[in-house]
Amino acid sequence: MHKLNNQLWAVFWTMCIVIAVVIATRLWAMRLLADAVTREHVQATLETVAKREGWFVSDISIRHVQTDSVIVQYRQHVRGRDPKSCYRIPLQTLELLPCTN
Amino acid sequence: MLLRVLIFGLLEGFAVLLAELHRYLGVHTDEAKYLINIPYPHPPLVRWILETTDGWQHQEMFWRIVFASLLTQGTWLVWDMARKLHKDQRVTLCGLWIFSGAMLLQAGTLFMPTITAVQTLFLCWMLTRKELLKQWSALIALLWLEMLFTAYQGILFAPLIYVALLRSGITPWKRWSTFLLPIALLVLYTPTNPLTIVATGSVSGMSAGLPIEESVTRVLKLWVIGGSIALSILGLYGMVRSRDYALVLTLMLVTAYIFVGFRSYYAILFTPLLIAGLLSAPKLLKSSAFLLALQIVAGIAIFLYVPFTEMSSARSIGRVLLEAGVHGEILIEGSFGHEWQYLMPGPVRRYRPEFIKDASAIVCLDRCSGIDVNVWQQLRNVSEEVWVKK
């Protein structure tokens, strides 16, 4: 019983480390959002694009923030497999460019 | 043994009944968020688990039964928590749990406070089992991590978690790191999901314009529903009288949270705390038969009196569109919730005249403009204005 408890503790610490690594990776990709001006700019960009495309803001997730653009994943939440697409949105033109470009 | 199987069956039957009731009432916007893993407002653990069954036809009903069963079968934990009491008192305490207004109104719904309430009940049970706390200290650590990554309101139960870790006999360094590390992870997680911040801001702003007396009345209403009056009063009195400071502090945190960001389905957060409160002063369970009768009457009265959320027309329209063979994009004009995303047979997009050419159907909850009647035909005998391509 003592051994199993120790193993569960190991599971706990491992889970904490895994979660920390995942969060740190995402935080690093979004580090530019720490700047209030960039944050407001990105927010305005996403709201404008969502309105223009008829998207829900909750279907957009930010993948990476760069100085001149933001990379997002658009995921239509439906029953079954969700259609997903990746776009790079330049903060000046607000075009939707496929991530490969 | 036979009696136990019978009680298990009865509790399960009760859970299925309540789940069926809520299935009939329809999918609430917040439930849809969890069923299809829309990434806000809560952390991802449970909504990710729910999403794994997303493509399954019976997903909604399956999880409604699971959520309801967790609450009704929680009766076994209540039974064990009261193991030192007389049999009549144990039965009464279980009855107080089963017939609390929150249980009758919320078992079968797919809201995160239901899971938080089950986690809290488990925690309160562990606190009554000191030998288990020492043998299985890791369970508290895992429960804490799970509570926080299920829903933000998990943080409200920090005082109880801390007491559990204290009683588990682990070293102070391990105790503090186990207590603080999951909180730190949750704090770090939050900015990675900007929607969470926006949603949390809107929830906390909900009570901002209300007169203070109205906010207090709403909290009191949930407290009454949470314990069906008898348990509400005795549970609170019990925890204060027994000077169970961790329980009192937790109740205060839950109250403050509801005061700031009211949701009618937060009532269930009170119930396990009130059970633990009453258990800490068991002398209050003297006239147990009278208490149980009172609880049953009050619970049923609350169930009949408190109105359920208004049904959305999304399910009936989804069915009509499916029968009409619609599988492509559906445009919706007007204000609508996430249940439309869950119940429509295809992806949903906000209506704009320039999107019409790519759409398969249009639902006008408000007035739509620019629909060409030569291309589109309106469906008859439908509760809303619905158009499909000719």
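Residues numbered from 1 in each chain as written. Chains lettered and ligands numbered in written order. Predicted model: local features only at pLDDT ≥ 70, side-chain atom pairs only at ≥ 80, totals over all residues. Heavy atoms only, no water.

## What to know about the overall build of chain B
Right, on to step 1. Scanning chain B from terminus to terminus reveals 20 helices and five strands.
Right, on to step 2. The C-alpha atoms of chain B give a radius of gyration of 23 Å, which matches the 21 Å a tight globule of 390 residues would have.
Right, on to step 3. Looking at chain B as a whole, 57% of its 390 residues qualify as buried.
Right, on to step 4. Long-range pairs, those at least 24 residues apart, make up 71% of the contacts in chain B with a sequence separation of at least 6.
Right, on to step 5. If you sum the accessible surface of chain B, you get close to 17100 Å²; carbon and sulfur atoms cover 66% of it. (Helix = DSSP H or I, 4+ residues; strand = E, 2+ residues; numbered from the N terminus. Rg over C-alpha atoms; globule rule 2.2 N^0.38 Å. Buried < 20%, exposed > 50% of the residue type's maximum accessible area, 1.4 Å probe, protein only. Contact = heavy atoms within 4.5 Å. Areas by Shrake-Rupley, 256 points an atom, 1.4 Å probe, with all protein chains shown as cover.)

## So, the overall build of chain A
Right, on to step 1. For chain A, the helix and strand inventory stands at two helices and four strands.
Right, on to step 2. Secondary structure elements in chain A, listed N-terminal to C-terminal, are α-α-β-β-β-β.
Right, on to step 3. Over its C-alpha atoms, taken along the principal directions, chain A stretches across nearly 60 × 35 × 25 Å.
Right, on to step 4. Across the 101 residues that make up chain A, the buried fraction comes to 40%.
Right, on to step 5. The contacts of chain A with a sequence gap of at least 6 include a subset with a gap of at least 24, amounting to 32%.
Right, on to step 6. Accessible surface, chain A: about 5800 Å² in total, of which carbon and sulfur atoms supply 61%.
Right, on to step 7. For chain A, the distance from the average position of its 12 positive side-chain charges to the average position of its 8 negative side-chain charges is 12 Å. (Lys, Arg positive; Asp, Glu negative; His and termini not counted. Charge placed at Lys NZ, Arg CZ, Asp CG, Glu CD.)

## Quick look at a nonpolar patch on the surface
Residues and elements named next belong to chain B.
Right, on to step 1. A cluster of nonpolar side chains, contributed by Leu3, Leu6, Ile7 and Leu10, occupies part of the molecular surface with about 400 Å² of accessible area.
Right, on to step 2. Turning to its location among the elements, Leu3 is positioned in helix H1 (residues 2-25).
Right, on to step 3. You can call Leu3 exposed: its relative accessible area is 55%. (Patch = residues over 30% accessible without salt bridge, like charges linked within 9 Å, V, L, I, M, F, W, Y side chains within 5 Å. Salt bridge = Lys/Arg side-chain N within 4 Å of Asp/Glu carboxyl O.)

## So, the confidence of the model for chain B
Residues shown with low pLDDT carry predicted positions that ought not to be read at fine detail.
Right, on to step 1. Summary statistics for chain B give a mean pLDDT of 90 and a share of 97% for residues scoring 70 or more.
Right, on to step 2. Listed scores for the predicted complex are pTM 0.91 and ipTM 0.91. (pLDDT = per-residue confidence, 0-100.)

## Observations regarding the state of the cysteines
Residues and elements named next belong to chain B.
Right, on to step 1. By the definition in use, this model includes two disulfides over all chains.
Right, on to step 2. In this model Cys364 forms its disulfide with Cys368; the gap between the sulfur atoms is 1.9 Å. Judged by the torsion about the S-S bond (-120°), the Cys364/Cys368 disulfide is left-handed. Neither Cys364 nor Cys368 differs from the other in exposure class; each is buried.
Right, on to step 3. We note that Cys94 lacks a disulfide partner, and the nearest cysteine sulfur, in Cys124, lies 14 Å from it.
Right, on to step 4. Among the residues examined, Cys124 registers a relative accessible area of 3% and is labelled buried. (Disulfide = S-S within 2.5 Å.)

## As for the sheet that holds strand S1 (residues 330-333) of chain B
Residues and elements named next belong to chain B.
Right, on to step 1. Strand order in the open sheet formed by five strands is S2-S1-S3-S5-S4, and the pairing between neighbours is mixed. The sheet terminates laterally at strand S2 (348-350) and strand S4 (376-378), the two strands that pair on one side only. Strand-to-strand twist in this sheet, taken as the mean axis angle between neighbours without regard to direction, amounts to 25°.
Right, on to step 2. As paired elements, S1 and S2 share three bridges and run parallel to each other. From the neighbouring strand, Ile332 faces S2, where its bridge partner is Arg350. (Pairing = 2+ DSSP bridges. Axes fitted to C-alpha atoms, helices over the stretch in contact; angles between N-to-C directions.)

## Let's talk about the interface of chain B and chain A
Right, on to step 1. With 46 residues of chain B at the interface, the matching set in chain A holds 33 residues.
Right, on to step 2. Both sides of the chain B and chain A interface together cover about 3400 Å² of buried area, and 67% of this is carbon and sulfur.
Right, on to step 3. Contact with chain A buries area across many residues of chain B, yet Trp136, Thr192 and Gln341 of chain B alone supply 17% of it, more than any other trio.
Right, on to step 4. Put simply, Arg349 of chain B and Glu53 of chain A hold a salt bridge, and the shortest N to O gap is 3.8 Å. (Buried area = accessible area lost by both parts, 1.4 Å probe.)

## Examining unusual backbone geometry
All names here are of chain B.
Right, on to step 1. The phi angle at Ser228 is positive, at roughly 50°, despite the residue not being glycine.
Right, on to step 2. Position of Ser228 relative to the elements: it lies in the loop between helix H14 (212-227) and helix H15 (230-241).
Right, on to step 3. For Asn381, which is not a glycine, the phi torsion comes out positive at approximately 55°.
Right, on to step 4. Following the sequence through the fold, Asn381 ends up in the loop between S4 and strand S5 (385-389).
Right, on to step 5. Using a relative accessible area of 84% as the deciding quantity, one classes Asn381 as exposed.

## Observations regarding the environment of Glu51 of chain B
Right, on to step 1. Here Glu51 of chain B shows up in helix H3 (residues 45-51).
Right, on to step 2. With a relative accessible area of 17%, Glu51 of chain B lands in the buried category.
Right, on to step 3. Along the backbone, Glu51 of chain B and Arg90 of chain B are 39 residues apart, and their C-alpha atoms lie at a distance of 38 Å.
Right, on to step 4. Excluding residues that lie within four positions of it along the chain, Glu51 of chain B makes contacts with Arg75 and Asp82 of chain A together with Tyr34, Leu35, Ile36, Asn37 and Gln59 of chain B.

## Concerning the packing of aromatic side chains
Right, on to step 1. Taken as a whole, this structure holds 17 aromatic pairs over all chains when the rule is applied.
Right, on to step 2. When the centroid spacing of 6.1 Å and the interplanar angle of 65° are considered together, the rings of Phe149 of chain B and Tyr189 of chain B count as edge-to-face. Of this pair, Phe149 of chain B sits in helix H10 (residues 137-150) while Tyr189 of chain B sits in helix H12 (residues 172-189); the two residues are 40 residues apart in sequence, bridging distant segments of the chain. Both residues of the pair, Phe149 of chain B and Tyr189 of chain B, count as buried.
Right, on to step 3. The structure contains a cluster of three or more aromatic residues connected by ring pairs, namely Phe111, Tyr257, Tyr265 and Tyr266 of chain B.
Right, on to step 4. Note that Arg31 of chain A overlies the ring of Trp28 of chain A, its terminal NZ or CZ placed 4.0 Å from the centroid.
Right, on to step 5. The ring centre of Trp79 of chain B lies 3.9 Å from the NZ or CZ of Arg90 of chain B, which sits over that ring. (Phe/Tyr/Trp six-rings, centres within 6.5 Å; stacked < 30°, edge-to-face > 60°. Lys NZ or Arg CZ within 6 Å of the ring centre and 35° of its normal.)

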